[in-house]
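# Chains, contacts and geometry: an overview
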Amino acid sequence: EEPSSEWREDLRPLHKCVLVVVLERLHLAPGSLVLDWGTGCGHKLTWAAQLYDILGVGLDLVEGNVKWAREHSMGLFLPSGWSVC
């Protein structure tokens, strides 16, 4: 089943467009660190790394999303309950 099947259409091109507009306006330097809260499958952090050389940390409530992102996307992915303490 396609990741986009829940929405009945592929929204990735629209998400990528929004990401590009946001990152262009933020003027982040290459190597900047960003947080993607609610990262899902990690596509946005992968695009940020590929297009802007930005490092990303993704947090998500769904363990399955974190597992998939760790295997298929660029960035550090953690479950939302993760703690450094």
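Here is a short report on the structure shown in this document. (Residues numbered from 1 in each chain as written. Predicted model: local features only at pLDDT ≥ 70, side-chain atom pairs only at ≥ 80, totals over all residues. Heavy atoms only, no water.)

### Quick word on the environment of Ala49
Cut-off, in case you're wondering: Each helix is a run of DSSP H or I of at least 4 residues and each strand a run of E of at least 2, with the numbering of both proceeding from the N terminus. Only protein chains enter the accessibility calculation, which uses a 1.4 Å probe; a residue whose area is less than 20% of its type maximum is buried, one above 50% is exposed, and one in between is partly exposed. Residue contacts are defined here by distance: any two heavy atoms, one from each residue, within 4.5 Å place the two residues in contact.
Looking at the element boundaries, Ala49 is found in helix H2 (residues 43-52). With relative accessibility at 19%, the residue Ala49 sits in the buried group. For the pair Ala49 and Pro30, spaced 19 residues apart in the sequence, the C-alpha separation amounts to 8.9 Å. With sequence-adjacent residues up to four places away left out, Ala49 is seen in contact with Ile54 and Met74.

### Observations regarding the pattern of salt bridges
This is how it is decided: Whenever Lys or Arg places a side-chain nitrogen within 4 Å of a carboxyl oxygen from Asp or Glu, that contact is recorded as a salt bridge.
Applying the stated criterion across every chain, the model contains 2 salt bridges. With its nearest N and O atoms 2.9 Å apart, the salt bridge here joins Asp10 to Arg12. Its salt-bridge partner being Lys67, residue Glu71 comes within 2.8 Å of it at the nearest N-O pair. Placement of both Glu71 and Lys67 in helix H3 (residues 63-72) is noted, with a separation of 4 residues, approximately one turn of the helix.

### Details of H2
Judged by how many residues are buried, H2 sits mostly within the fold: 7 of 10 residues are covered. Here H2 has its buried residues at His43, Leu45, Thr46, Trp47, Ala48, Ala49 and Tyr52. Close packing links the buried residues of H2 with helix H1 (12-26), strand S1 (33-37), strand S2 (55-60), H3 and strand S3 (76-79). Just beyond H2, the residue with positive phi is Asp53, at close to 55°.

So far we have only geometry, and geometry alone does not tell us how the molecule works.
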